[in-house]
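Residues per chain are reported as follows:
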Amino acid sequence: MYYLKKSISVFSVMLGMAVFTATSQTPNRFFPDKELVTTGIYYYPEHWNESQWERDIRKISEMDFEFVHLAEFAWFKMEPAEGAYDFAWLDKVVDLCAKYNLKVVMCTPSATTPVWMRIKYPETFIMDGHYIRGENGTRGLASITNPSYRLFVEKIVTELAKRYGKNKHVTGWQIDNEPPAIPDYSPSSQETFRKWLKNRYKTIHALNVAWGAAFWSQWFNSFDEVIIPNTSLVGWWGNNPHALLDFKRYLADSQAEFLDFQAGILRYYISKDQYITTNYTAISTGADARRTQKLDFATYTAYPNGGSDNIGKLGFRLGDSKTILFASEFYKSVGGVSGVMEIQPGPVNWGSYNPLLLPGTVRMWLYHSFAAGGKLACSYRFRQILYSSEQYHAGIMLTDGVTASPGGEDYMQFIKEIKGLRQQYKPGAKMPEKLTSRSTAILWNLENYWTIDRQKQTWQWNAWNYPVKFLEITKALGAPTDIIAESADLSRYKLLVVPAYELADSALVKKWENFVMKGGHLIITCRTATKDRNGHFWEGPIAAPVSGLIGARVKAVDMLPPGNNGDVLMNSSHYKWNNWADLLEPVKNTEVLASYDNQFYKGKAAVIKRKAGKGTVTYIGVDTDDSDLEKEVLRSSYQEAGATTEDYPVGVYVYWRDGFNIAVNYSSENYAMNLPAKAKILVGEQVLKPAGVLVWSE
Ligand code: GAL
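Residues numbered from 1 in each chain as written. Predicted model: local features only at pLDDT ≥ 70, side-chain atom pairs only at ≥ 80, totals over all residues. Heavy atoms only, no water.

Here we take up the site of the ligand. Neighbouring residues of the ligand: Phe 73, Arg 139, Asn 177, Glu 178, Tyr 303, Glu 342, Trp 350, Tyr 380, Glu 390 and His 393. Note that an oxygen atom of the ligand is positioned 2.8 Å from one of the side-chain N or O atoms of Arg 139. Within the side chain of Trp 350, a nitrogen or oxygen atom sits 2.7 Å from an oxygen atom of the ligand. Summarising the interface, the protein chains cover 94% of the accessible area of the ligand, which totals 300 Å² for the free molecule. (Near = heavy atom within 4 Å. Polar contact = N/O pair within 3.5 Å; in protein donor to acceptor, adjacent residues only side chain to side chain. Areas by Shrake-Rupley, 256 points an atom, 1.4 Å probe, with all protein chains shown as cover.)

Examined against the element boundaries, Ala 263 turns out to sit in helix 11 (residues 241-269). Taking the relative accessible area as the measure of exposure, Ala 263 reaches 0% and is therefore buried. Residues Ala 263 and Thr 278, 15 residues apart in the sequence, show an inter-C-alpha distance of 9.8 Å. In this view, Ala 263 contacts Ile 175, Ile 276, Lys 294 and Leu 295; residues no more than four positions away in its chain are not counted. (Helix = DSSP H or I, 4+ residues; strand = E, 2+ residues; numbered from the N terminus. Buried < 20%, exposed > 50% of the residue type's maximum accessible area, 1.4 Å probe, protein only. Contact = heavy atoms within 4.5 Å.)

Taken N-terminus to C-terminus, the directions of helix 18 (residues 465-476) and helix 21 (residues 628-640) make an angle of 50°; their axes are 10 Å apart at the nearest point. Put simply, helix 18 runs oblique to helix 21. The element helix 18 and its partner helix 21 pack so that their crossing is right-handed. Taking contact as the criterion, the partners of Lys 469, Phe 470, Ile 473, Thr 474 and Ala 476 in helix 18 are, on helix 21, Glu 630, Lys 631, Leu 634 and Tyr 638. (Axes fitted to C-alpha atoms, helices over the stretch in contact; angles between N-to-C directions. Parallel < 35°, antiparallel > 145°, perpendicular 65-115°, else oblique. Left-handed = near helix turned anticlockwise from the far one by under 90°.)

A word on the packing of aromatic side chains. For the structure shown, the criterion picks out 48 aromatic pairs. Relative to Tyr 250, the ring of Phe 247 has its centre 6.0 Å away and its plane inclined at 15°; by these criteria the two rings are stacked. Placement of both Phe 247 and Tyr 250 in helix 11 is noted, with a separation of three residues, approximately one turn of the helix. Judged by centre distance (6.0 Å) and plane angle (15°), the ring pair of Tyr 300 and Tyr 331 falls under stacked. Of the two residues, Tyr 300 is situated in strand 7 (residues 299-302) and Tyr 331 in helix 13 (residues 322-335); the sequence distance between them amounts to 31 residues. For the pair formed by Tyr 300 and Tyr 331, the shared burial category is buried. Pairwise contacts between aromatic rings join Tyr 131, Tyr 185, Phe 193, Trp 196, Trp 211, Phe 220, Phe 247 and Tyr 250 into one cluster. Between Arg 383 and the ring centre of Trp 48, over which it is positioned, the NZ or CZ distance is 3.5 Å. The ring of Trp 461 has Arg 527 lying over it, and the distance from NZ or CZ to the ring centre is 4.7 Å. (Phe/Tyr/Trp six-rings, centres within 6.5 Å; stacked < 30°, edge-to-face > 60°. Lys NZ or Arg CZ within 6 Å of the ring centre and 35° of its normal.)

Along its sequence, the protein is carved into domain 1 (31-186 + 258-424) and domain 2 (438-640). Taken together, the contacts link 15 residues of domain 1 with 17 residues of domain 2. Counting across the interface, domain 1 meets domain 2 through one salt bridge. Glu 447 is the salt-bridge partner of Arg 291, the closest N and O atoms lying 3.0 Å from each other. Linking domain 1 with domain 2 are five residue pairs in polar contact (both at pLDDT 80 or more), by the criterion used here. Split by residue class, the side of domain 1 that touches domain 2 holds five nonpolar, five polar and five charged. (Domains from an automatic or database assignment. Salt bridge = Lys/Arg side-chain N within 4 Å of Asp/Glu carboxyl O. Nonpolar A, V, L, I, M, F, W, Y, C, P; charged D, E, K, R; others polar.)

The structure is reproduced here in structure tokens:
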């Protein structure tokens, strides 16, 4: 057996000494281009009477879904008692799927453990910041560094992989569920954290320096003395930002290692035609998809409507337009392809309030994910459950189990329309030059979110939304935009946006400079390169490493109380700011694009630009309330790059993929798309209503 032959040590793997290696495969091959997107649905047979399984699966097939997502939380049924496995029930369901020509995405059940495990092995649960153990009742509370838990996971995944790894009806695997990278203060996590630190710092002195441990008597004499920094016990003011940054990194690394651990077991047994993925939350502030190595690609879960205002008077029914906007680009950048593994099928049970969606909204979300390149579109869940904490959560079917819900109707319409688009698909279509000339990258990583969110300096700073606002701007200007990592090849981009990229070093700044010298247009914004990788300030001016590149010193930083407006002047237009203002001192040959027009520093530069090599560097030191100033600055950068721009309203997003132009409308107003004379409308209407979709070819 795999787990007897290969005893994987948590710690050896985390220290980079993987027991075996398995490379992930080119993920595109799992999704034939001509199919565009494949659709699926979560089905939990364990929640329903066996006599209904065949009826349900037949219905899934009649609705034209193409795969069924199974077994994610069913550990209790797979291993009802320790070491006693039972897959007969799952075999029946897989056989039914085969009978009705449905593929299966098989899940590893590690997110919820059976009751016997809690009773006999309580250490398999995390400890919270008050050192209290978690217990059964929800998902994602396992202590992933705990050796007992790891052994049980290793065994169940091995059993599953051996049983279904060569089954031709199983198309792929999902590991775990929404990997949470949850803080764990248990003894096994403490131990693993110390090992992680030893590996990172080698000497305790280096750790003390990196953590600034001389402050408030935090100095350690050895690694054995280190404990996980715990804000629950030391309070907000007692936080050590450097230690907390490392704790976040450690949690994300542990989570990635745990996924890789499972992927490694699967890979050992399964066919190369089955893919391995997981389903991250669209906005994941803990788990970092970029840290895994053995998965084929990453998918995301999208719940845009949790009862918030969003755009305009209908926004509360349409959902947050930024959820799929960001997630689709970010997760695509991880493995080259992505898709949505869970999409909200209607009202959920956990929003601050849970209104009905505007008819067509689920379809619009599905199109949004598809437009941004999604290769699969799956929904949580087929039937609305009749009991449990999620009983108010909509399904694709109503509570009778046989009638499609409004979201189910939307889904069926999407599936039907995609079948139509497959007929129109022409291989080898190339993105039009008008769009490639606007190719844009936004540099983003989770570490900057962690460090800024910890020390915002003004409570009005939204560490998540700030970088995303630049994605909204580039999309409003009609630019195809990738979210990229530091290691990305920059050569195919005309514009590179670096928003509030706080942690940096001179090698990274050099890379940006090279991009500019070769003709790229770089936009850097406030807070960028203000700290080193440990989160320390530079012993020098603010943002010292970029001073030369931007052609200015950041002299000081201002922020205002709520409701108090700062004024910036650019090209005779006034813009309001409130959150953040860098006061800039440009050097000779640096052009001032915008200046502050009130406060005691009236006249100081707020936005500057300089030419360097064949390109330009623009620095935006101010965060305006409505992003209008930033949008105009970017518009002129596109002009400089020789590209035209569009002016789509907030919440209208337009994409090109595989020869199709696709627009979606999250706003509360109609929007008439300006189409070229040769445009052929394939889906929808030229006037996009709220929740409207338009697909056309040119
Ligand atoms: C997701 C989770 C699902 C389900 C859903 C409810 O975050 O992955 O299992 O609980 O939320 O909206």
